[in-house]
Structure formats: C-alpha cells, structure tokens
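Structural overview
Residue-level listing of the chains:
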Amino acid sequence: MPLQDHYDVLVVGAGLSGIDAGYRIQTMCPGADYAILEARESLGGTWDLFRYPGIRSDSDMFTLGFPFEPWTGEKSIADGADILQYLKDTAAKYGIDERIVYSTRVTSADWSSSDARWTLALSTPEGDRTVTADFVYLCSGYYDYEQGYQPDFPGIEDFDGDVIHPQFWPSDGVDVQGRKVTVIGSGATAMTLVPALARQGAHVTMLQRSPTYVLTLPSRDVIAKALRTVLPAKRAYAAVRLKNAATAVGFYEFCRRAPGAATKVLRSGVARQLKGSNVDMQAFTPRYKPWDERLCIVPDSDLFKAIRDHDVDVVTDTIDRVEEGAIHTGSGGSIPSDIIVTATGLNVQLIGGAKLSVDGRDCDPGQRYIYQGLMLEGVPNAAVCIGYTNASWTLRADLSAKFFCRFVNHVRRSGHAYGYPTVTHEMPTSPALDLAAGYIQRSLASLPKQGDRKPWFLRQNYFSDRRDARRADVTDSMTFVRPGEQRSPNDDLHTAAVGVAVGAAEPSVA
C-alpha cells in the first residue's frame, strides 16, 4: 500500500494486535481512512520473527485466535507456522493486508494540540519521511524485536561452539544431530526448544537458575472436536473460546487464592510425568507461588517424554564460567556442550522503541497512569495495546481495540478535536503488569502505572474486564477539547511514578 501524507487512524504493528485493530476499525468506524505501519517486511509480528525449533503457542488457539475468525486447525496448542498462516489468511480475507505499509518503522510520534494531530517520523526504504494522523493506536507489543536479553556469562567468548539466542535462530537451521546442546533457561521458550531439539537427535541439558511451574495439556481439544461435528463453525468456536477463557481465569484465580492447594495439584501432575526418569521433583519445584510468574504449558507431555527417554537432563544451578567445550556451574559441576542456546528471555520495549512526545515535551510511559488498560494519562487520541499476562494476549487486545474504536467515534461525532485521560486525584501506584518474571521486573521503570480504582486499574480477569468494557463510559475521567480551544494536556498531568500531582485540573467532560 502506498503511503499517504495523512490518515484518520494509524495503527503501528501488523501482528495479532494490529490485525485485530484493523478489523475493528473497518467494522466499528465506517469511513475511517486507516493504515497499519509495519517495521518488518511481512505481517505476523512474533509469529513471523521467531523461527526456533518447535515454536508454538503457549496458550490455546481458541482464545489466542480472533473472536471474529474461527480457528479451524486441529491443534489447540498450535505450531508457529500454522499460526502465521492463520494471521495471513485472516488479514487477506478481510482486506486488512491491503492496508499494511511494510518496511516502515516509526521512530518518533509527536502530538500537536494546536494542529490537533499526530506527526510520526518514519524510516522507510526510500528514506526518512513524516506522516500525520488524527488518531494513533500502538500495537507493536512490548518486546524488543532487535535484541534479546543476554546476561553476561563469564568466559562465553572462549566457547568454541555456536552460541545462539532463540530470537535470532539461523534461517538455514542448525544441525544438532548427535551433539550436546545446553539450553540456558526454564521459561516458555526453553520448554519449547528442549523437546524439539531432542527430537532432532541432540542430547539436551536444560540448565536453569530456578525451576518453573509446568502444566501438561493435550495439544488437541476433544471438546472442540466434538462441538464442531454438531454446531456451525462460528458457534462451536465461540463456545470453545468461552469455555477455555473460563478455564484459564478459573485456574488463575485458584492459584492466587489457594496457592498451597494449587502447588499440590501442579506438583502431583509433574510427579506422574517424571516416573521412570532420572530427574527428581526438585527440578520442577519453584521457590515462588503459582502465577507469581507465568505458568509454562507442555503439550502432549513432550518435554517429559524426552526426559523419560533420557534425551534430556535438567540441571538447576548457576553459571560460574564458560570454557571451550563446557559450562562450569556454581556448585562445581561441568556440563560438556557443543552448542549453547541462551533462552534467557526478552527485553521489554513499548511502542517499538519510538520516542513519544506531547506538544514538544517528551512523554515517558513509565511516568504515566494507564487508563482502561490502554490509554496513557495526558496523551491525546492515542492508545497502546497491552495484552494479558495470565491469559491469551488476544482476549485483552480485542477488548482494547473495541474501546479505542468507541473513543474514536465519540471524538469524531461529538465535534471535539481530541480527548485524553485526566487524573484528578492522587492515587497509590502499582505496575500495570504484575508478574515477578525477570523480563517484567527489569523493565518496571519504563512501564505505565495503574492506580487503585476504575478506570485506572486493570484486574487481569477477562470476564470482569469484558463486563466493564461493555458498560464503560468513554467520557469518564476524560478531557475533551473543541477545535480552536487552546489547551495542552501537559497542564493536566500527575506524575504517576511518585504519585504527586502536577497542576491537576477538573476535566471538561462532554
């Protein structure tokens, strides 16, 4: 799609969130001229970027899929290639792919109250340029696609084999047949890689600093299969989506309210899987409570099958140093290695690393309250898509896209030029993402803060959020400005990071 000079709405990012946003804009904001700016050469986001062995969903596709386009694949826990094809097919079916401008990276976005529009600086194959928009929806996720998290392992430069981060798996693959591969990490990526590498003929050691809670699930949903035989595709999909969302929310609440009982349930499941192996329960006994960090899903027991077949060892230890052909651990052990895979996590980066400013003043999301889980205090006509940490990303992304479209419609139909969330009372702050996971904890300072009351508090519960979203008033705690009115959102700011008011004013709500 050729790039225009101005749009009604610009979406940044053509992954799950961006495609969902495109559909909602088309159906809820008829007549709105929009485009999706994508930094990469193809759509798909995470599912186009990650190509490591075994890449798959870590939540079921009936909730990770779009509510408006049924997932018809056989697997509920699906392979990455199938997910990417689903995204491409969906974008093509609804003409969303015709709205995508590829190889176009947003480097900065500045709001001008006097012009009542955004100016985005872009890096394109033809050079730098700018484009303007009335509304901006940032759907680039919260991962840095350019650089993964890489701890400093002493001596790693002396290792004489390959050192690979999963985020940058070689496009032509890696021959692991008959080789000793050490995967450093115990998160979802490691849990995926380890059995996949074992199936390719490697002997794999999963070296973890600390264990992770693991839940084994079948990759195919038997209830979905049964419902597909008696119900139309869309009704069957909606029913399974609702069932799986309820199961996920229910299990999360069980873990948070009864952590002792939840720990017993999870441990008993692992104990059954480890029978006949050389790995003991300590390797899967975390020091934290269930769902303090994200739970890892193991489809069809593939990880435990590889452990029972003695293709996989699990070592819980720290790294003292790395030498030519081995990793030496803090307890004095040694792990012979031909290949090291650093599944050590990702770096969090909001809005794709672009610089955000309002009326020439830099805007740090880490210093702002988040409104309805998607809009930033004092940032006009814009939203940031942030999905759930305890359920499928798309469940929250779709709620956010629909709210954003309602906001766009209100501004356009009410005769206002723009609107922005306004905090009028001091509130205690907490992180918008409340996991104890390392990638979140390392980035707390850069993430928006939530308050202690609606609409500044997100409960991480799909059913509560869905109910609240349906009832939500898009004018609540909002300031709206008419054309020609001289008012800067910078005059109405609180400082969320420290909870100190800075010239707060009562909003003029239309």
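This text goes with the structure placed above it.
Quick summary incoming for the structure in this document. None of these values were measured; they are calculated from a predicted model. (Residues numbered from 1 in each chain as written. Predicted model: local features only at pLDDT ≥ 70, side-chain atom pairs only at ≥ 80, totals over all residues. Heavy atoms only, no water.)

Quick notes on the side chain of aspartate 468
Position of aspartate 468 among the secondary structure elements: in helix 12 (residues 462-471). Separated by 3.4 Å, the side chains of aspartate 468 and arginine 467 make a polar contact. Not counting residues up to four positions away in its chain, the partners in contact with aspartate 468 are Lys454 and Arg459. (Helix = DSSP H or I, 4+ residues; strand = E, 2+ residues; numbered from the N terminus. Polar contact = N/O pair within 3.5 Å; in protein donor to acceptor, adjacent residues only side chain to side chain. Contact = heavy atoms within 4.5 Å.)

Description of the packing of helix 7 (residues 233-257) against helix 12
Look at helix 7 against helix 12: their axes get within 9 Å of each other, and the N-to-C directions meet at 115 degrees. Contacts between helix 7 and helix 12 involve Leu242, Ala245, Ala246 and Val249 from the former and Tyr462, Phe463 and Arg466 from the latter. (Axes fitted to C-alpha atoms, helices over the stretch in contact; angles between N-to-C directions.)

Regarding the pattern of salt bridges
Here the structure, examined in full by the defined rule, presents 22 salt bridges. With a shortest N-O distance of 2.7 Å, aspartate 48 and arginine 40 are connected by a salt bridge. Between aspartate 465 and arginine 396 there is a salt bridge; the shortest N-O distance is 3.7 Å. Placement of the pair is aspartate 465 in helix 12 and arginine 396 in helix 10 (residues 393-414), with a sequence separation of 69 residues. (Salt bridge = Lys/Arg side-chain N within 4 Å of Asp/Glu carboxyl O.)

Concerning the packing of helix 6 (residues 222-230) against helix 7
In a pair of packed helices, the angle between the axes and the distance between the axes together describe the arrangement. Running from N to C, helix 6 and helix 7 point in directions that differ by 155 degrees, and their axes come no closer than 9 Å. Regarding the angle of helix 6 to helix 7, the classification is roughly antiparallel. Handedness of the helix 6/helix 7 crossing: right-handed. Here helix 6 contributes Ile223, Ala224, Leu227 and Arg228 to the contact with helix 7, which in turn contributes Ala236, Ala239, Val240 and Lys243. (Parallel < 35°, antiparallel > 145°, perpendicular 65-115°, else oblique. Left-handed = near helix turned anticlockwise from the far one by under 90°.)

Examining the sheet that holds strand 15 (residues 326-329)
The 3 strands are arranged 14-15-16 in an open sheet whose pairing can be described as antiparallel. Only two strands of the sheet have a single neighbouring strand rather than two, namely strand 14 (319-323) and strand 16 (334-336). Neighbour to neighbour, the strand axes of the sheet diverge by 20 degrees on average, direction disregarded. Where strand 14 meets strand 15, 4 bridges bridge the pair, whose relative direction is antiparallel. The partner of valine 322 across the bridge, within strand 15, is isoleucine 327. (Pairing = 2+ DSSP bridges.)

Considerations on the packing of aromatic side chains
This structure, assessed with the given rule, holds 22 aromatic pairs. Judged by centre distance (5.0 Å) and plane angle (70 degrees), the rings of tryptophan 111 and tyrosine 418 are edge-to-face. With a gap of 307 residues between them, tryptophan 111 in strand 4 (residues 105-112) and tyrosine 418 in strand 24 (residues 418-421) connect regions that are remote in the sequence. By the burial criterion, tryptophan 111 is buried, and tyrosine 418 matches it. Judged by centre distance (6.2 Å) and plane angle (90 degrees), the ring pair of phenylalanine 135 and phenylalanine 407 falls under edge-to-face. One end of the pair, phenylalanine 135, is in strand 6 (residues 127-138); the other, phenylalanine 407, is in helix 10, with 272 residues separating them in the sequence. The exposure class assigned to phenylalanine 135 is buried, which follows from its relative accessible area of 3%. Grouping aromatic residues by their ring pairs yields a cluster made of Tyr23, Phe66, Phe68, Trp71, Tyr86 and Tyr94. (Phe/Tyr/Trp six-rings, centres within 6.5 Å; stacked < 30°, edge-to-face > 60°. Buried < 20%, exposed > 50% of the residue type's maximum accessible area, 1.4 Å probe, protein only.)

Some words on empty space enclosed by the protein
If a probe the size of a water molecule is rolled over the atoms, the empty space left behind becomes visible. Counted by the stated rule, this structure contains 3 cavities of 30 Å³ or more. In this structure, the largest cavity spans a volume of roughly 60 Å³. Ile370, Gly373, Ile386, Gly387, Ala432, Leu433, Gln450, Leu458 and Gln460 are the residues that line the largest cavity. Of the residues belonging to the lining of the largest cavity, the class tally is 5 nonpolar, 4 polar and no charged. Taken as a whole, the second largest cavity holds about 40 Å³ of empty space. Lining the second largest cavity, in full, are Leu138, Leu356, Leu374, Met375, Leu376, Val379, Ala382, Ala383 and Val384. Of all the elements in the fold, those that place two or more residues in the lining of the second largest cavity are strand 22 (375-376) and strand 23 (382-384). The leading source of residues in the lining of the second largest cavity is strand 23, at 3 residues. (1 Å grid on protein atoms, 1.4 Å probe; cavity = no way out; pocket = protein on both sides within 12 Å on 5 of 7 lines; lining within 4 Å. Points joined across faces, edges and corners; volume = space filled by probe spheres on them. Nonpolar A, V, L, I, M, F, W, Y, C, P; charged D, E, K, R; others polar.)

Examining the pairing of strand 10 (residues 203-208)
The buried fraction of strand 10 amounts to 5 of the 6 residues, a majority that puts the element mostly inside the structure. One ladder, built from 5 bridges, connects strand 9 (residues 180-184) with strand 10; its direction is parallel. Within the sheet, the bridge partner assigned to valine 181 lies in strand 10 and is valine 204. Crossover connection from strand 9 via helix 5 (residues 188-199) to parallel strand 10: handedness right-handed. The pairing of strand 10 with strand 13 (residues 312-316) spans 5 bridges and is parallel. Note on strand 13: the bridge partner recorded for glutamine 208 is threonine 316. (Right-handed = clockwise from strand over helix to strand, strands pointing away.)

Examining the pairing of strand 4
Note that strand 4 and strand 5 (residues 117-124) share 7 bridges and pair antiparallel. Along strand 5, the bridge assignment pairs aspartate 110 with threonine 119. Bridge count for strand 4 against strand 19 (residues 355-358) is 4 bridges, and the pairing is parallel. Across the sheet, residue aspartate 110 finds its bridge partner in strand 19, namely serine 357.

As for the nonpolar core
With 133 residues, the main nonpolar core has Trp118, Leu120, Tyr137, Val183, Leu197, Phe284 and Ile307 as its most contacted residues. If one sorts the elements of this core by residue count, helix 10 sits on top with 9 residues. In this structure, isoleucine 307 is in contact with Leu274, Ser277, Val279, Phe284, Val312 and Val314, ignoring residues within four places of it in sequence. (Core = buried A, V, L, I, M, F, W, Y, C linked by side-chain atoms within 4.5 Å.)

Observations concerning the environment of cysteine 363
Looking at the element boundaries, cysteine 363 is found in the loop between strand 20 (361-362) and strand 21 (370-371). Along the primary structure cysteine 363 and glycine 378 are separated by 15 residues, whereas in three dimensions their C-alpha atoms are 9.1 Å apart. Setting aside residues no more than four positions away along its own chain, cysteine 363 makes contact with Leu356, Ser357, Arg368 and Val379.

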